[in-house]
Amino acid sequence: MNCKIALIRGDGIGPEVVGEAVKVMEAVGEKYGHQFTFVDVLMGGCAIDAVGTSYPEGTAEKCRACDAVLLGAVGGPKWGHATEAAKRPENALLSIRKDLELYANLRPASLRPALADACPLKKETAERGIDLMIVRELTGGIYFGRREKYMTEDRGEEAADRMAYSEMEIERIGRRAFELARLRNKKVASVDKANVLETSRLWRKTMHRLAEEYSDVAYEDVLVDNAAMQLVKDPGQFDVVVTENMFGDILSDEASMITGSIGLLPSASIGDHAPGLYEPIHGSAPDIAGQDKANPIATILSVAMMFRYSFHLPEEAAAIEKAVDQVLAEGWRTADIAKPGEETVGTVRMGELIRERL
Ligand code: NAD
């Protein structure tokens, strides 16, 4: 297979973790006979420094000419005070997601067996295992609705944010969730607030229609408040959890906490067309940038997601995940996942160990 991958290395630890992920891709290519071509794309704070804007003209076109995009992280204190959109690194993230029409955000939360004791939940809960995938709608809902601020006569200033969802938006994210469940444990939990919100009632009606079509997948409705509780009480009950933008924003952060370190969690943002965008959930970690301290695992596992969802190479994806689990089982740790007093390795050595296990 021949694949072209856009690399947005970005800022802070971005270039370090992407560097290790690229070496893992090369190792997989060698082992399984694939050819990967890499195209560097400038975006974020480094782009502000180089050309004066975080999202240089042609960024989306360069990415569209590739089969997938791998992003490290963008942003940092150096660019933290800018008010103009073009001078804000994070603004580029919203632009690229919009321009590539990435409406589905996939965030797995799985507890790596070797790190079960990093889980803040009860031991019995962790031992039952956690392996769920949150599928969050990314381009609709209250974050993209009309915003208003006005003065009332008797209650001072008032603000309003409109939350809207169309059947089309719900159906396409719903289909993504059911298709994903078919590749996993064939269970979908749809999270809404249908006892209160009209958008949720439309959400639920549409999901029920899809559930009939995907009758081989077990389906349940879960109210968002209950979902928040169940995620800490018994996360092992979930396989695919699908929800709207704001609920997904909050629940995916909650889910990431139950699995231990931020340095371990990958994500994917996908739409109906290539390229999908793959990135660790963490930011640019300016406090440890350039010190060979960053954990590259989240980015390496993002590559595994890329192989599975963009390149349809499940065997290669599983090989990467297995290599990561093996290195962790052998006791190798970067500083973020080490217990006090435990010996640690740096970014480069961790990448090297994973490649060796491949
Ligand atoms: P962060 O995720 O960068 O860091 C939070 C903490 O986690 C820090 O202590 C950091 O050292 C640690 N950490 C993060 N990733 C790690 C890794 N791979 N290995 C070891 N430790 C790791 O979040 P923040 O400090 O809130 O944000 C820093 C910058 O990153 C900000 O400018 C923010 O806007 C940006 N950001 C970018 C993205 C993105 O590019 N997608 C996401 C989140 C934050």
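1. A look at the domain arrangement of the protein chain
And step 1. We note that the domain assignment places domain 1 (1–106 + 262–358) and domain 2 (120–258) within the protein chain.
And step 2. Between domain 1 and domain 2, the C-alpha centre-to-centre distance is 25 Å.
And step 3. The partner domain 2 presents 13 residues to the 14 residues of domain 1 that form the contact.
And step 4. Between domain 1 and domain 2, roughly 1200 Å² of surface is buried when both sides are summed, and carbon and sulfur atoms account for 67% of that area.
And step 5. When the area that domain 1 buries against domain 2 is broken down by residue, the three leading residues are Y103, N105 and L106, summing to 51%.

2. Some words on the site of the ligand
And step 1. Within the structure, the ligand sits among 20 residues, and V74, E90, G283, A285 and N295 are positioned closest to it.
And step 2. A distance of 2.7 Å separates an oxygen atom of the ligand from a polar atom in the backbone of A285.
And step 3. Contacts to the ligand include N295, whose backbone N or O atom sits 2.9 Å from a nitrogen atom.
And step 4. Contact with the protein chains removes 68% of the 800 Å² of surface that the ligand exposes when unbound.

3. Examining the environment of T259
And step 1. Tracing the sequence through the fold places T259 in the loop between α9 (245–257) and β11 (266–270).
And step 2. Judged by relative accessible area, which is 3%, T259 ranks as buried.
And step 3. Those residues in contact with T259 that sit more than four places away from it in its chain are A109, S110, L111 and L265.
And step 4. A distance of 2.9 Å separates the side chain of T259 from the backbone oxygen of S256, its partner in a polar contact.

4. Focus on the packing of aromatic side chains
We describe a pair of aromatic rings using the distance from one ring centre to the other and the angle between the two ring planes.
And step 1. Taken as a whole, this structure holds six aromatic pairs when the rule is applied.
And step 2. Between F178 and Y214, the aromatic rings sit 4.9 Å apart at their centres with planes inclined by 15 degrees, giving stacked as the arrangement. With F178 in helix α6 (residues 167–183) and Y214 in the loop between α7 (198–213) and β9 (218–223), this pair connects stretches of sequence that are 36 residues apart. The two residues F178 and Y214 agree in class, both being buried.
And step 3. Measuring from ring centre to ring centre gives 5.7 Å for F307 and F311, while their planes differ by 40 degrees; the resulting arrangement is tilted.
And step 4. Given a relative accessible area of 0%, F307 falls into the buried group.
And step 5. In textbook terms, an aromatic cluster arises when at least three aromatic residues are bridged by ring pairs, as seen for F36, F307 and F311.

5. Overview of the packing of α6 against α7
And step 1. Between α6 and α7, the shortest axis-to-axis distance is 9 Å and the interhelical angle comes to 40 degrees. In terms of orientation, α6 lies oblique with respect to α7. Our pair here, α6 against α7, has a crossing hand that is right-handed. On the side of α6, the interface is formed by E167, I170, E171, I173, G174, R175, F178 and R182, while α7 contributes L202, W203, T206, M207, R209, L210, A211 and E213.
And step 2. Here the residues of the contact of α6 with α7 sort into eight nonpolar, two polar and six charged.

6. Focus on the packing of helix α10 (residues 297–309) against helix α11 (residues 314–329)
A pair of packed helices is captured by two measures, namely the crossing angle of their axes and the spacing between those axes.
And step 1. Running from N to C, α10 and α11 cross one another at 160 degrees; their axes reach a closest spacing of 7 Å. It follows that α10 is roughly antiparallel to α11 by the angle criterion. The two elements α10 and α11 cross, and the hand of that crossing is left-handed. The residues of α11 that touch α10, namely those facing I297, I300, L301, V303, A304, F307 and R308, are P314, E316, A317, A318, I320, E321, V324 and L328.
And step 2. Split by residue class, the contact of α10 with α11 holds twelve nonpolar, no polar and three charged.

7. Structural notes on the environment of G80
And step 1. Checked against the element boundaries, G80 lands in the loop between β3 (68–73) and α4 (89–99).
And step 2. For G80, a relative accessible area of 53% gives the class exposed.

8. Considerations on the environment of L231
And step 1. On the secondary structure map, L231 appears in helix α8 (residues 224–233).
And step 2. Considered as a pair, L231 and A255 are 24 residues apart in the sequence and their alpha carbons are 6.7 Å apart.
And step 3. Ignoring anything within four residues of it in the chain, the contact list for L231 reads L121, L132, F238, L251, E254, A255 and I258.

9. Things to note about the pattern of salt bridges
And step 1. Considering all chains together, one arrives at 33 salt bridges under this definition.
And step 2. Between R9 and D40 there is a salt bridge; the shortest N-O distance is 2.7 Å. Of this pair, R9 sits in strand β1 (residues 2–10) while D40 sits in strand β2 (residues 35–40); the two residues are 31 residues apart in sequence, bridging distant segments of the chain.
And step 3. The class for R9 is partly exposed, based on a relative accessible area of 27%.
And step 4. One salt-bridge network, in which partners are shared between bridges, spans E167, E171, R175, R209 and E213.

The rules behind these values
Residues numbered from 1 in each chain as written. Predicted model: local features only at pLDDT ≥ 70, side-chain atom pairs only at ≥ 80, totals over all residues. Heavy atoms only, no water. Domains from an automatic or database assignment. Contact = heavy atoms within 4.5 Å. Buried area = accessible area lost by both parts, 1.4 Å probe. Near = heavy atom within 4 Å. Polar contact = N/O pair within 3.5 Å; in protein donor to acceptor, adjacent residues only side chain to side chain. Areas by Shrake-Rupley, 256 points an atom, 1.4 Å probe, with all protein chains shown as cover. Helix = DSSP H or I, 4+ residues; strand = E, 2+ residues; numbered from the N terminus. Buried < 20%, exposed > 50% of the residue type's maximum accessible area, 1.4 Å probe, protein only. Phe/Tyr/Trp six-rings, centres within 6.5 Å; stacked < 30°, edge-to-face > 60°. Axes fitted to C-alpha atoms, helices over the stretch in contact; angles between N-to-C directions. Parallel < 35°, antiparallel > 145°, perpendicular 65-115°, else oblique. Left-handed = near helix turned anticlockwise from the far one by under 90°. Nonpolar A, V, L, I, M, F, W, Y, C, P; charged D, E, K, R; others polar. Salt bridge = Lys/Arg side-chain N within 4 Å of Asp/Glu carboxyl O.

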